[in-house]
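Chain by chain, the residues:
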Amino acid sequence: MIDWTILAPAAFFAGMVDAVVGGGGLIQIPVLLGQFPQTAIPTLFGTNKLASIAGTGAALWRYTRSVRIPWLVVLPGTAAALVGAWAGAALVAWLPRETMRPLVVVLMIAVALYTFLKKDFGQQVTRPLLPGDRWKGAAFGGLIGLYDGFFGPGTGSFLIFGFIRLFGMDFVQGSASAKVINFATNLSAIAFFASHGPLLWQVGLVMAVCNLAGSYVGTRLALKHGAGFIRKAFLGVVVVLIAKQLADLAG
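We now turn to the structure provided with this report. Just so we're clear, the structure is a prediction, and the values are computed from it rather than from any experiment.

**So, the pattern of salt bridges**
- A complete count under the given rule lists five salt bridges for this structure.
- Salt-bridge contacts for Asp 248 lead to Arg 101; the nearest nitrogen and oxygen are separated by 3.2 Å. One end of the pair, Asp 248, is in helix α9 (residues 201-250); the other, Arg 101, is in helix α5 (residues 101-117), and 147 residues separate them in sequence.
- The partly exposed category is assigned to Asp 248, whose relative accessible area is 31%.

Right, dumping it as structure tokens:
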């Protein structure tokens, strides 16, 4: 029997967190695994993406109405991320995913330390975009897409950090830009998982409604409180991601 008293709040909170800094999968996937222990992993991962894309889409729509998204960088990055995600998924057949985990932990610790120590990081836009940034955006998107298709944890955090560090965005603009790529790769993942097995459509669609409501709340908080609020939430999510990856390594 489906326990909606667990699934619905989890989807709502995941949507709220995801709208601000990403990382909603940290909440939804463990809950789905706990509720459906006998269900195939691809089915649960696809169901998670089905629930998440509603919140991501809503956050993206809300951000585009309030934030200037730098399409010069974001569109090439999105196209490259889609190609990279498929290549990353194919790479799994050649290289075990677990080989990535120690490197990812080191990268996340570096991201957290840099963001924590550099107090003005992402607090304001630091430079205008240049014509050459479209190629840098494509390279960045392709690399992140490859990582997302191959391994995945922390993709949203790496996207936001990269947009700020490489292209001089602030946290609000970086989070909004990350949603474009997140939405595209989520759509690609749903197509991939749906073609490789059944999804829990009823569960995914009900969770999508809850995720959508949480996304609305999260986006309002992000736009109201600005870069300082997103920076704190970003650090919190990255610390949780580090703890999760270290626990998996220890296990």
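So that's the structure; there's more coming.
**Looking at the nonpolar core**
- One finds Phe 163, Phe 171 and Phe 234 to be the most contacted residues of the largest nonpolar core, which totals 45 residues.
- Of all the secondary-structure elements, those providing two or more residues to this core are α1 (4-21), α3 (41-66), α4 (71-91), α5, α6 (133-150), α7 (155-167), α8 (171-195) and α9.
- With eight residues, the single largest contributor to this core is α9.
- If sequence neighbours within four positions are ignored, Phe 163 has contacts with Val 73, Val 74, Phe 140, Gly 168, Met 169, Gly 174, Ser 177, Ala 178 and Ile 181.
- Counting residues in hydrophobic clusters, the runner-up holds 11 residues, among them Leu 32, Ala 51, Met 207 and Cys 210.

**What about the packing of α7 against α8?**
- Taken N-terminus to C-terminus, the directions of α7 and α8 make an angle of 130°; their axes are 8 Å apart at the nearest point. Judged on the interaxial angle alone, α8 and α7 are oblique. Where α7 crosses over α8, the two elements pack in a sense that is right-handed. Contact with α7, carried on its side by Gly 156, Leu 159, Ile 160, Phe 163 and Ile 164, involves Phe 171, Gly 174, Ser 175, Ser 177, Ala 178, Ile 181 and Asn 182 of α8 and no other residues of that element.
- Residue composition of the contact of α7 with α8, by class: seven nonpolar, five polar and no charged.

**Description of the side chain of Ser 188**
- Take Ser 188: it is sitting in helix α8.
- Once residues within four sequence positions are removed from consideration, Ser 188 is found in contact with Leu 82 and Trp 86.

**Thoughts on a nonpolar patch on the surface**
- Judged by side-chain polarity, Leu 91, Trp 94, Leu 95, Leu 143 and Leu 146 come together as a nonpolar surface patch covering roughly 530 Å² of accessible area.
- Locating Leu 143 in the fold gives a position in helix α6.

**Description of the packing of aromatic side chains**
- Counted under the stated rule, the structure contains 12 aromatic pairs.
- On the basis of an interplanar angle of 75° and a centroid distance of 5.4 Å, the ring pair of Trp 86 and Phe 192 is categorised as edge-to-face. Of the two residues, Trp 86 sits in helix α4 while Phe 192 sits in helix α8, which places them 106 residues apart along the sequence.
- For Trp 86, a relative accessible area of 44% gives the class partly exposed.
- Pairing Phe 121 with Phe 171 gives two aromatic rings, centres 6.0 Å apart and planes at 85°, and the pair type is edge-to-face. Of the two residues, Phe 121 sits in the loop between α5 and α6 while Phe 171 sits in helix α8, which places them 50 residues apart along the sequence.
- When its relative accessible area of 5% is taken as the criterion, Phe 121 is described as buried.
- Take Phe 171: its relative accessible area is 0%, and that puts it in the buried class.
- Following the ring pairs from residue to residue traces out a cluster consisting of Tyr 114, Phe 121, Phe 161, Phe 171 and Phe 234.
- Seen from the ring of Phe 116, Lys 119 lies directly overhead, with NZ or CZ sitting 4.0 Å from the centre.

**Re the packing of α7 against α9**
- With their axes 10 Å apart at the nearest point, α7 and α9 run at an angle of 135° to one another. The orientation of α7 with respect to α9, classified from their angle, is oblique. Like other packed secondary-structure pairs, α7 and α9 cross with a definite hand, here left-handed. Of the residues in α9, those in contact with Ser 157, Ile 160 and Phe 161 of α7 are Phe 234, Val 237, Val 238 and Leu 241.
- Here the residues of the contact of α7 with α9 sort into six nonpolar, one polar and no charged.

**Focus: the side chain of Asp 133**
- Mapped onto the elements of the fold, Asp 133 is located in helix α6.
- Residues within four places of Asp 133 in sequence aside, it is in contact with Val 73, Arg 127, Pro 128 and Phe 167.

How each quantity is defined
- Along each chain, residues carry numbers from 1 onward, in the same order as the chain's sequence is written.
- Owing to the predicted nature of the model, reporting of local features is limited to residues with pLDDT of at least 70; listing and counting of side-chain atom pairs is limited to 80 or more, with chain, interface and lining totals taken over all residues.
- The basis for every side-chain value is the complete set of heavy atoms in the structure, and neither hydrogens nor water enter the calculation.
- Salt bridges are defined as contacts in which a side-chain nitrogen from Lys or Arg sits within 4 Å of a carboxyl oxygen from Asp or Glu.
- Segments assigned H or I by DSSP are reported as helices when at least four residues long, segments assigned E as strands when at least two residues long, and all are numbered from the N terminus.
- Summary of the burial criterion: residues with accessible area below 20% of their type's maximum are buried, those above 50% are exposed, and those between are partly exposed, where the area comes from a 1.4 Å probe applied to protein chains only.
- Only buried residues count toward a nonpolar core, which is a set of Ala, Val, Leu, Ile, Met, Phe, Trp, Tyr and Cys residues joined through side-chain atoms within 4.5 Å.
- The contact rule is simple, with two residues in contact once any of their heavy atoms fall within 4.5 Å.
- Fitted lines through C-alpha atoms serve as axes, helices being fitted only where they are in contact, and the angles separating the N-to-C directions of these axes extend from 0 to 180 degrees.
- Note on terminology: angles under 35 degrees are roughly parallel, angles over 145 are roughly antiparallel, angles of 65 to 115 are roughly perpendicular, and the others are oblique.
- Should the near helix be turned anticlockwise from the far one by less than a right angle, the crossing is termed left-handed; should it be turned clockwise, right-handed.
- Three classes are used: nonpolar for Ala, Val, Leu, Ile, Met, Phe, Trp, Tyr, Cys and Pro, charged for Asp, Glu, Lys and Arg, and polar for all others, with Gly counted as polar.
- Within the patch definition used here, like charges are joined within 9 Å and nonpolar side chains (Val, Leu, Ile, Met, Phe, Trp, Tyr) within 5 Å, considering only residues with over 30% relative accessible area and no salt bridge.
- In these tables, accessible area is a Shrake-Rupley quantity obtained with a 1.4 Å probe, and a residue counts as shielded only by the protein chains included in the view.
- Pairing of aromatic side chains requires ring centres within 6.5 Å, counting the rings of Phe and Tyr and the six-membered ring of Trp. Pairs whose planes differ by under 30 degrees are stacked, by over 60 edge-to-face, and all others tilted.
- A ring is considered to have a charge above it if a Lys NZ or an Arg CZ atom is located within 6 Å of its centre and within 35 degrees of its normal.

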